[in-house]
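# An overview of the molecular structure
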Amino acid sequence: MPLHHAVLALLTRRPNHGYELKARFEEAVGPQWGGLNIGHLYQILERLVRDGYVSRSQVTQTDRPDKNLYTLTEAGEAELRSWATTAWVRVGGFRDELFLKLLGAVALGPQALTTLIDSQRQTYLSELAGLAQQRRAHADEPLVAVLIDAAIAHTKADLGLLDSAAQHLGPLATAQSAQAPECSHAQVQGDTDEAGGHGGMRGDRTESA
């Protein structure tokens, strides 16, 4: 995740120290993103200082330990502008555990596929209800509202995917279910024939003796 650039964005308005940046980030993106680990944040700041995108100065405090203040440099602003005005391109593909679950359910047959799809649909509907509450609670925070809208759109798309999965994977699951007993029966029959063959050979030897 491009958290480095998000930190640069937060520093455009004024210099900040680490805990201020953590609080501002979590306030800016809202509950959908989750919290920002302070240790990870300091690692990011260290790298930004090393790369020349942020400068660090120490502020003396009389009633508490001194703190480091981080300021955006001209190079940092140029880097932020280059990143923020360039289209995002997906490079990792779509890796969602649901697709692996669908793989497993199809292998188990149509009943398992139906159970998964019904259960997943209820989960998505519950998520949508929770997102709708969050959307109302953050209606006055534009950036947070946009992120929640994105989550709602993704969840609605996931619901549509379940309909597609039922339509396209249902016949495959049925076919898999029909083939499995045949394979098992063929294996059992082969084992039986082989055992019978060995028995006949032993019988022949006995009679010859």
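This text goes with the structure placed above it.
Let me sum up the structure you'll find in this document. This is a predicted model, so every value here is computed, not measured.

### What about the packing of helix α1 (residues 3-10) against helix α3 (residues 38-50)?
How two helices sit against one another is set out by the angle between their axes and by the gap between those axes. In contact at an axis separation of 10 Å, α1 and α3 are set at 80° when each is read in the N-to-C sense. Taken as axis vectors, α1 and α3 run roughly perpendicular relative to one another. Taken together, the residues of α3 that come into contact with α1 (itself represented by L3, H4, V7 and L8) are H40, L41, I44, L45, R47 and L48. When its residues are assigned to classes, the contact of α1 with α3 shows 7 nonpolar, 2 polar and 1 charged.

### Examining the layout of surface pockets
When its volume is computed, the largest pocket comes out at roughly 1,200 Å³. The wall of the largest pocket is formed by 26 residues, among which F25, V29, W33, L143 and L147 lie closest to the centre. Where the lining of the largest pocket is concerned, the elements lending two or more residues are α1, α2 (18-29) and α7 (142-208). Of the residues forming the lining of the largest pocket, the biggest block, 7 residues, is contributed by α7.

### Observations concerning the side chain of H138
By secondary structure assignment, the location of H138 is in the loop between α6 (110-137) and α7. Once residues lying within four places of it in the same chain are set aside, the contact partners of H138 are P31, V144, A145 and I148.

Thresholds applied
Residues numbered from 1 in each chain as written. Predicted model: local features only at pLDDT ≥ 70, side-chain atom pairs only at ≥ 80, totals over all residues. Heavy atoms only, no water. Axes fitted to C-alpha atoms, helices over the stretch in contact; angles between N-to-C directions. Helix = DSSP H or I, 4+ residues; strand = E, 2+ residues; numbered from the N terminus. Parallel < 35°, antiparallel > 145°, perpendicular 65-115°, else oblique. Contact = heavy atoms within 4.5 Å. Nonpolar A, V, L, I, M, F, W, Y, C, P; charged D, E, K, R; others polar. 1 Å grid on protein atoms, 1.4 Å probe; cavity = no way out; pocket = protein on both sides within 12 Å on 5 of 7 lines; lining within 4 Å. Points joined across faces, edges and corners; volume = space filled by probe spheres on them.

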